[in-house]
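Examining the three-dimensional arrangement
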Amino acid sequence: MYRSGAVMAWNVFKFCTALRGLGSIMILLVLGVVGVSYYAVVLSIYGPALTSGGLDSFIALVVLIMFHALLVMLLWSYFSVVFTDPGGVPPNYRPMVDEERGDVDRLTGTEFSSLTSPEPTNTRIRYCRKCNHIKPPRCHHCSVCGRCVLKMDHHCVWVVNCVGALNYKYFLLFLFYTLLETSLVTLSLLPYFLAFFSDGEIAGSPSTLATTFLAFVLNLAFTLSVFGFLIMHASLVSGNTTTIEAYEKKTSPKWRYDLGRKRNFEQVFGTVAKYWFIPAYSDEDLRRMPALQGLEYPSKPDLDSQEF
């Protein structure tokens with residue numbers, strides 16, 4: 001039995017190592033899908049249609065403006081997720097109280113000193129034995145990154161990064177703009193995709209036709225998959241929870257961080273409306289909303305003693 005457990009742990013480690021190695025491959029894959037879509041929509045179909053005159057030129061202009069505007073927002077959001085640290089535990093982090101369990105009694109210095117023992121047993125302080133750090137509330141250890149991540153949602157291979165407190169909004173915007181962009185590309189290429197199954201002759205070189213067909217299929221697939229994923233995360237945001245927390249509290253009828261839909265939304269996107277649709281926060285929100293820093297979170301007083 002012990003041998004089987006050791007083999008399982010080794011396999012998990014190999015899996016995590018493989019995920020770390022995907023890195024640039026996944027980024028290149030995303031850029032490859034963008035490139036195929038750009039070639040089909042802009043260079044092959046709607047770019048040349050600008051010179052045709054009449055209604056076709058107007059439709060081409062509208063499609064191209066929308067395509068480029070959404071593409072800019074998609075790539076801005078994507079690389080914001082890729083290059084933004086999701087949030088790590090500060091080296092000298094020391095909580096005043098055990099916020100995870102809603103304690104009001106202040107922690108003492110002797111309780112922290114006991115953490116230096118090989119097997120820390122103080123249940124009032126959440127401690128990660130893998131990276132030897134005190135864990136703030138809503139913090140979880142990522143086996144792929146090899147460290148604890150603040151308000152960790154999941155490790156995403158598509159962005160080659162953890163999704164956590166400091167980049168969760170950017171991840172949601174990436175999903176949102178990906179859905180809009182892929183939907184636009186799918187609808188724009190739909191007439192040309194249907195032409196493949198008609199009896200008439202289709203204009204264009206074989207490579208152009210193949211790229212158009214591939215772009216349609218890829219964008220349709222991403223539209224359907226991202227739509228479901230975005231719906232799931234919209235539900236998580238409305239309840240002020242993460243993917244990991246949703247699994248942990250699946251048997252709990254109430255959630256201490258659920259402040260109501262409006263405040264739950266603000267805990268992720270901030271309170272300044274003009275910043276909601278861009279991967280950035282206002283200085284005012286960063287200054288007065290500790291949840292955006294990932295170390296402190298407001299909760300319901302009547303549920304502060306809740307724990308899993």
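Residues numbered from 1 in each chain as written. Predicted model: local features only at pLDDT ≥ 70, side-chain atom pairs only at ≥ 80, totals over all residues. Heavy atoms only, no water.

A few words on the overall build of the protein chain. Summing up its helical and strand segments, the protein chain has eight helices and six strands in all. Along the chain direction, N to C, the helices and strands of the protein chain fall in the order α-α-α-β-β-β-β-β-β-α-α-α-α-α. For the protein chain, buried positions account for 43% of its 308 residues. Split by element, the accessible area of the protein chain, about 16800 Å² in all, is 66% carbon and sulfur. (Helix = DSSP H or I, 4+ residues; strand = E, 2+ residues; numbered from the N terminus. Buried < 20%, exposed > 50% of the residue type's maximum accessible area, 1.4 Å probe, protein only. Areas by Shrake-Rupley, 256 points an atom, 1.4 Å probe, with all protein chains shown as cover.)

Turning our attention to unusual backbone geometry. Of note in the backbone geometry, Val160 takes a positive phi value of approximately 55° without being a glycine. By the element assignment, Val160 lies in the loop between β5 (154-156) and β6 (161-163). Residue Val160 is classed as partly exposed on the basis of its relative accessible area of 28%. Positive phi is not limited to glycine here, since Asn240 has a value of about 55°. Looking at where Asn240 falls in the secondary structure, it is placed in the loop between α5 (206-238) and α6 (243-248). Note on Asn240: relative accessible area 3%, which makes it buried.

Before going further, it helps to spend a moment on the UniProt feature "transmembrane region" (unreviewed entry) in the protein chain. Per the UniProt record, "transmembrane region" (unreviewed entry) is annotated on residues 21-46, 58-79, 170-197 and 209-231. Taken as a whole, residues 58-79 contains 100% helix and 0% strand, while its terminal C-alpha atoms sit 32 Å from one another. As annotated, residues 209-231 has a helix share of 100% and a strand share of 0%, and its two end C-alpha atoms lie 33 Å apart. (UniProt positions renumbered as here; feature names shortened; annotations may be inferred.)

On inspection of all chains with the given rule, the structure shows 18 aromatic pairs. Ring centres of Phe176 and Phe277 lie 6.1 Å apart, and the angle between their planes is 45°; on these two criteria the pair is classed as tilted. One end of the pair, Phe176, is in helix α4 (residues 168-195); the other, Phe277, is in the loop between α7 (261-269) and α8 (283-288), and 101 residues separate them in sequence. Residue class for Phe176 comes out partly exposed when judged on its relative accessible area of 29%. Ring centres of Phe193 and Phe216 lie 4.0 Å apart, and the angle between their planes is 15°; on these two criteria the pair is classed as stacked. Taken together, the residues span a long stretch of sequence, with Phe193 in helix α4 and Phe216 in helix α5 at a distance of 23 residues. A relative accessible area of 14% places Phe193 in the buried class. Connected via pairs of aromatic rings, a cluster forms that spans Phe193, Phe196, Phe197, Phe213 and Phe216. For the cation-ring pair, Arg138 lies above Tyr257, with the distance from its terminal atom to the ring centre recorded as 4.4 Å. (Phe/Tyr/Trp six-rings, centres within 6.5 Å; stacked < 30°, edge-to-face > 60°. Lys NZ or Arg CZ within 6 Å of the ring centre and 35° of its normal.)

Further remarks concern the confidence of the model for the protein chain. In this model, the protein chain carries an average pLDDT of 83, and 78% of its residues clear a pLDDT of 70 or more. Overall, residues 1-13 carries pLDDT values under 50, and its contacts beyond four positions in sequence, including any with other chains, amount to one contact. Per-residue pLDDT stays below 50 along residues 108-115; that stretch engages in 15 contacts with residues further than four places along the chain or on separate chains. (pLDDT = per-residue confidence, 0-100. Contact = heavy atoms within 4.5 Å.)

Within the secondary structure, Val163 is located in strand β6. A relative accessible area of 0% means that Val163 is categorised as buried. Separated by 77 residues in sequence, Val163 and Pro86 have C-alpha atoms that sit 5.8 Å apart. Once residues lying within four places of it in the same chain are set aside, the contact partners of Val163 are Pro86, Lys151, Met152, Asp153, His154, Cys156, Tyr168 and Phe171.

Here Val34 is to be found in helix α1 (residues 2-49). By relative accessible area, Val34 is classed as buried at 17%. Separated by 41 residues in the primary sequence, Val34 and Leu75 have C-alpha atoms spaced 9.4 Å apart.

Mapped onto the elements, Asn264 comes out in helix α7. Take Asn264: its relative accessible area is 0%, and that puts it in the buried class. At 2.7 Å, the side chain of Asn264 and the side chain of Asp258 are in polar contact. Sequence-distant contacts of Asn264, defined by excluding residues within four places in its chain, comprise Val237, Ser238, Gly239, Asn240, Tyr257, Asp258 and Leu259. (Polar contact = N/O pair within 3.5 Å; in protein donor to acceptor, adjacent residues only side chain to side chain.)

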